[in-house]
Amino acid sequence: GESVGLHLPTLSVQEGDNSIINCAYSNSASDYFIWYKQESGKGPQFIIDIRSNMDKRQGQRVTVLLNKTVKHLSLQIAATQPGDSAVYFCAESVGGTSYGKLTFGQGTILTVHP
Amino acid sequence: DGGITQSPKYLFRKEGQNVTLSCEQNLNHDAMYWYRQDPGQGLRLIYYSQIVNDFQKGDIAEGYSVSREKKESFPLTVTSAQKNPTAFYLCASTRGSQGYGYTFGSGTRLTVV
């Protein structure tokens, strides 16, 4: 079946740097995307979402970019902090909401060094 | 504060036993979901329910069962038919058609002993 995948399984950055986590999706019908952060032994936390009628959306220190032409999603974290160290998942769904099924990628491990 | 509560946090099961994982939410969310997470992997959907007394199979429903008798509750039973039940189980909920991302519980780690 179609799935969401990630280019880089691990990412190490220095505190204060900007981080970019990438995600490729294969289902051209997907129109709603979410980024989650998961710390060890905890449930995923919602970070930011974006619908396919947008190319960019900004939150607090985070920006999500969507390139529908190449089916690519990215999460940018500004001024990365040690507390940002976690596994980051992208997820996709069809139908414009997360009301139905979300398909998750395998995750990227972000490590922030002080 | 509103949220999703999963219990227990850790659960040990003997082979051949059924166990039930609890998931309760006070967010007034319509839809609820169960996911399984194996080490180093993403989340895979087991079952989901969009309204009370109705639920649908996800991608890996074999060996699991659910019920949705109340809007607030969506328990998952891991039956003896599930051959590899050791995993981290996550419950989530979301509003109906509002388009908001899921809210996840803190998970239950199930180990077969």
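Residues numbered from 1 in each chain as written. Chains lettered and ligands numbered in written order. Predicted model: local features only at pLDDT ≥ 70, side-chain atom pairs only at ≥ 80, totals over all residues. Heavy atoms only, no water.

Peer 1: What am I meant to see in the confidence of the model for chain B here?
Peer 2: Interpreting fine coordinate detail is not advised for predicted regions of low pLDDT. In this model, chain B carries a mean pLDDT of 90, and residues with pLDDT of at least 70 account for 93%. The secondary structure element of chain B with the lowest average pLDDT is strand β10 (residues 103-104) of chain B, at 90, and the one with the highest is strand β7 (residues 64-66) of chain B, at 98. (pLDDT = per-residue confidence, 0-100. Helix = DSSP H or I, 4+ residues; strand = E, 2+ residues; numbered from the N terminus.)

Peer 1: Could you clarify how one ought to interpret the packing of aromatic side chains in this entry?
Peer 2: To describe a pair of aromatic rings, one takes the distance between the centres and the angle between the planes. Summed over all chains, the structure comprises 13 aromatic pairs over all chains. With a centroid separation of 5.9 Å and an interplanar angle of 65°, the aromatic rings of B:Tyr64 and B:Tyr89 are classed as edge-to-face. Remark: B:Tyr89 occurs in strand β9 (residues 87-94) and B:Tyr64 occurs in strand β7; sequence separation between them is 25 residues. Judged by relative accessible area, which is 6%, B:Tyr64 ranks as buried. Relative to B:Phe104, the ring of B:Tyr102 has its centre 5.8 Å away and its plane inclined at 50°; by these criteria the two rings are tilted. Three or more aromatic residues link up through ring pairs in this structure, and these residues are A:Tyr36, A:Phe46, A:Phe104, B:Tyr33, B:Tyr35, B:Tyr48, B:Tyr102 and B:Phe104. (Phe/Tyr/Trp six-rings, centres within 6.5 Å; stacked < 30°, edge-to-face > 60°. Buried < 20%, exposed > 50% of the residue type's maximum accessible area, 1.4 Å probe, protein only.)

Peer 1: In this structure, what is going on with the sheet that holds strand β8 (residues 76-78) of chain B? I would like to understand it.
Peer 2: Residue and element names in this part refer to chain B. Within the open sheet, the 4 strands sit side by side as β1-β3-β8-β7. Their pairing is antiparallel. One side of each edge strand has no neighbouring strand; the edge strands of this open sheet are β1 (4-7) and β7. This sheet shows a mean twist of 20° between the axes of neighbouring strands, independent of strand direction. (Pairing = 2+ DSSP bridges. Axes fitted to C-alpha atoms, helices over the stretch in contact; angles between N-to-C directions.)

Peer 1: Is there a simple way to think about the interface of chain B and chain A in this case?
Peer 2: Think of interface size as the accessible area that goes away when the parts come together; that is how it is often given. At the junction of the two partners, chain B supplies 30 residues and chain A supplies 21 residues. Between chain B and chain A lies a buried interface of about 1,700 Å² when both sides are counted; carbon and sulfur atoms form 54% of it. Our count for the chain B to chain A interface comes out at 0 salt bridges. Summed over the shared surface of chain B and chain A, the result is 4 residue pairs in polar contact (both at pLDDT 80 or more). Sorting the residues of the side of chain B that touches chain A by element identifies β4 (31-37), β5 (43-51) and β9 of chain B as the ones contributing at least two each. With 5 residues, β5(B) is the largest single contributor of residues to the side of chain B that touches chain A. Among the residues forming the side of chain B that touches chain A, the class breakdown is 12 nonpolar, 13 polar and 5 charged. (Contact = heavy atoms within 4.5 Å. Buried area = accessible area lost by both parts, 1.4 Å probe. Salt bridge = Lys/Arg side-chain N within 4 Å of Asp/Glu carboxyl O. Polar contact = N/O pair within 3.5 Å; in protein donor to acceptor, adjacent residues only side chain to side chain. Nonpolar A, V, L, I, M, F, W, Y, C, P; charged D, E, K, R; others polar.)

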